[in-house]
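These are the residues of each chain, in order.
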Amino acid sequence: MAGRIVLFGATGYTGDLTARALVGRGARPVLAARTEARVRVLADELGGLEWAVADVERPESVRALVERGDVLVSTVGPFTRWGQPAVQAAVAAGAHYLDSTGEGAFIREVFERHGAGAQAAGCGLLTAFGYDWVPGNLAGALALRDAGEAATRVEIGYFNPGSGSDAMSGGTRASSASVMLSPGFAWHGGRLVDERPARHTRSFELKPGRSARAVSLPTSEHFALPRIHPTLRDVDVFLGWFGPASEPMRVLSAGLEPILKLPGARDGLQGLFGRLVKGSSGGPDAEARAKSRSIVLAEAFDAAGTKLAAVRLEGGNAYDFTGAVLAWGAQTAATGGLQGTGALGPVDGFGLEALERGCAEAGIARTT
Ligand SMILES: NC(=O)c1ccc[n+]([C@@H]2O[C@H](COP(=O)([O-])OP(=O)(O)OC[C@H]3O[C@@H](n4cnc5c(N)ncnc54)[C@H](OP(=O)(O)O)[C@@H]3O)[C@@H](O)[C@H]2O)c1
């Protein structure tokens, strides 16, 4: 029998998209959020779904959402601030867990702190299971498979042509501020190393004669791809959302580094940005989303720096993809399609072929 799917954060921008995508796939998720009046209205609108009230400031209310065999999907972010109660509740119950984070510091916590508990509890944790960072895991895995064992380095770039100034949700803006102020990491020399966000920039060719620059960020690919390709020594992931602001971001990140080392500075700035940059303020509407596209590129190299394989994925809007791929992942996990337990990457969690199908259903597919 399929487990229940419980969606926590259903009344937020991404939660709403995910709820609709789940219902569109024929699922009947339990919708959970902190405000009863709002979650009740949404549950009624989507066909009389079950609903529940939970608040991260009352962790016991989050624990009460799930039991063994359920799938908990959380879109309550920024995750470095509000993410712990949901992942802890899933591990305590033995429920599978997916989230929409893109924040490296939280991803690292899931892999390094919660993975062992989840393994013992017999459940799987799929963090960052949205546009950040599922398609890059897929593109990277396909490039590494095409390149074969000789590949020791993979570089991945995410781009969103057509995104206007209104392209980011309030939640993404709040989480981006948190990412820039948190410690980062990368996979270099065959191990995870500390590396500040936006330490490097790189340009990728989006089409003949048109290149675009992107900044390096800590992502789930750094944890997940070395597991499926043991000869991998270097993983770098770049985000092109910021376009020409990529280079100023690199300079800003270098300037911030000594300041963030001062006692109390990191927490103080996080608190300040937490007050200034508000989440729960909505995001691009369907018309704005329809104007933007996604291009995700991966290149695999051998130890001498020769490019062995290149993969290009293309598709629609990043938020539409996030809601749809979370819905696909939750439904697949609820019906026994998850391989393994503990903290999982998208590829080791579902298998490469299933993940490629899931991403295509969610709107991003391989073009070359
Ligand atoms: N991986 C990706 O590609 C991707 C894509 C989209 C979003 N995201 C991430 O997903 C997160 C949500 O983004 P969003 O755009 O949906 O932002 P949002 O609209 O601000 O959603 C935040 C959610 O958290 C809930 N929340 C806040 N405080 C809470 C509390 N004390 N208890 C319970 N719930 C609480 C909000 O509840 P209310 O509805 O009551 O305000 C809302 O549902 C962000 O971290 C964002 O960066 C990632």
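Residues numbered from 1 in each chain as written. Predicted model: local features only at pLDDT ≥ 70, side-chain atom pairs only at ≥ 80, totals over all residues. Heavy atoms only, no water.

Participant: Run through the sheet that holds strand S3 (residues 51-53), naming residues and quoting values.
Facilitator: Spatially, seven strands are ordered S3-S2-S1-S4-S5-S6-S15 in an open sheet, and the strand pairing comes out parallel. Each edge of the open sheet carries a strand with a single partner, namely S3 and strand S15 (342-343). (Pairing = 2+ DSSP bridges. Helix = DSSP H or I, 4+ residues; strand = E, 2+ residues; numbered from the N terminus.)

Participant: Summarise helix H13 (residues 318-334); cite the residues concerned and give the values.
Facilitator: The end-to-end C-alpha distance of H13, which contains 17 residues, comes to 24 Å, matching closely the 24 Å that a straight helix rising 1.5 Å per residue would cover. Among the 17 residues that make up H13, 16 are buried, leaving the element largely enclosed by the rest of the structure. Sitting at the amino-terminal end of H13 is Asn 317, which places a side-chain oxygen 2.7 Å from the backbone nitrogen of Tyr 319. Gly 336 occupies a position one or two residues after H13 and carries a positive phi of about 85°. (Expected span 1.5 Å × (residues − 1). Buried < 20%, exposed > 50% of the residue type's maximum accessible area, 1.4 Å probe, protein only. Polar contact = N/O pair within 3.5 Å; in protein donor to acceptor, adjacent residues only side chain to side chain.)

Participant: Explain the site of the ligand to me, using residue names and the numbers behind them.
Facilitator: Neighbouring residues of the ligand: 32 residues in total, closest Thr 11, Ser 100, Ser 169, Ser 175 and Ser 280. Between the ligand and Gly 12, the relevant distance is 3.1 Å, taken from an oxygen atom to a main-chain nitrogen or oxygen of the residue. Gly 171 places a main-chain nitrogen or oxygen 3.4 Å from an oxygen atom of the ligand. Relative to its free-state accessible area of 920 Å², the ligand is covered by the protein chains to the extent of 97%. (Near = heavy atom within 4 Å. Areas by Shrake-Rupley, 256 points an atom, 1.4 Å probe, with all protein chains shown as cover.)

Participant: Report on the pattern of salt bridges, specifying residues and quantitative values.
Facilitator: Considering all chains together, one arrives at 20 salt bridges under this definition. Between Arg 20 and Glu 45 there is a salt bridge, with its nearest N and O atoms 2.9 Å apart. Here Arg 20 is found in helix H1 (residues 13-24), whereas its partner Glu 45 is found in helix H2 (residues 36-45), with 25 residues between them in sequence. Put simply, Arg 25 and Glu 361 hold a salt bridge, and the shortest N to O gap is 2.9 Å. A residue pair is termed long-range when its members are at least 10 positions apart, and Arg 25 in the loop between H1 and strand S2 (30-33) and Glu 361 in helix H15 (residues 352-362) qualify at 336 residues. Taken together, the salt bridges that share partners define one network made up of Arg 153, Glu 155, Arg 202, Glu 299 and Lys 307. (Salt bridge = Lys/Arg side-chain N within 4 Å of Asp/Glu carboxyl O.)

Participant: I'd like to hear about the side chain of Thr 322, residue by residue, with values.
Facilitator: Assignment of secondary structure puts Thr 322 in helix H13. Of the polar contacts made by the side chain of Thr 322, one reaches the backbone oxygen of Ala 318; its length is 2.8 Å. Excluding its chain neighbours within four sequence positions, the residues that come into contact with Thr 322 are Thr 14, Ser 100, Gly 130 and Tyr 131. (Contact = heavy atoms within 4.5 Å.)

Participant: With reference to specific residues and values, describe the pairing of strand S1 (residues 5-8).
Facilitator: By the alternation rule, side chains of S1 split into Ile 5 and Leu 7 and Val 6 and Phe 8, which are all buried. For S1 and strand S4 (residues 71-74), the ladder comprises four bridges, and the chain directions are parallel. Among the inter-strand pairings, Ile 5 is bridged to a residue of S4, identified as Val 71. Looking at chain direction, S1 and S2 are connected through three bridges and run parallel. Along S2, the bridge assignment pairs Leu 7 with Leu 31. Traced from S1 through H1 to S2, the parallel crossover comes out right-handed. (Right-handed = clockwise from strand over helix to strand, strands pointing away.)

Participant: Summarise the nonpolar core; cite the residues concerned and give the values.
Facilitator: Ranked by size, the top nonpolar core spans 105 residues in total, and within it Phe 8, Leu 31, Tyr 97 and Phe 129 carry the most contacts. Sorting elements by how many residues they give to this core places H13 first, with ten residues. Excluding residues within four positions of it along the chain, Leu 31 makes contact with Leu 7, Ala 10, Ala 19, Val 39, Leu 42, Ala 43, Leu 46, Leu 49, Glu 50, Trp 51 and Ala 52. If you look at the next biggest cluster of nonpolar residues, it comprises eight residues, including Phe 204, Leu 206, Ala 214 and Phe 238. (Core = buried A, V, L, I, M, F, W, Y, C linked by side-chain atoms within 4.5 Å.)

Participant: Outline unusual backbone geometry, listing residues and values.
Facilitator: Cis peptide bonds are those with omega within 30 degrees of zero, and the linkage from Gly 77 to Pro 78 qualifies with 5°. Of note, Pro 78 is situated in the loop between S4 and helix H4 (79-82). Cis geometry is adopted by the peptide bond preceding Trp 133, which originates at Asp 132 and carries an omega value of 5°. For Trp 133, the location among the structural elements is in the loop between strand S6 (124-126) and helix H7 (134-147). For Ala 128, which is not glycine, the phi torsion reads 60° and is therefore positive. Structurally, Ala 128 can be placed in the loop between S6 and H7. Phi at Ala 198 is positive, roughly 65°, even though this residue is not glycine.

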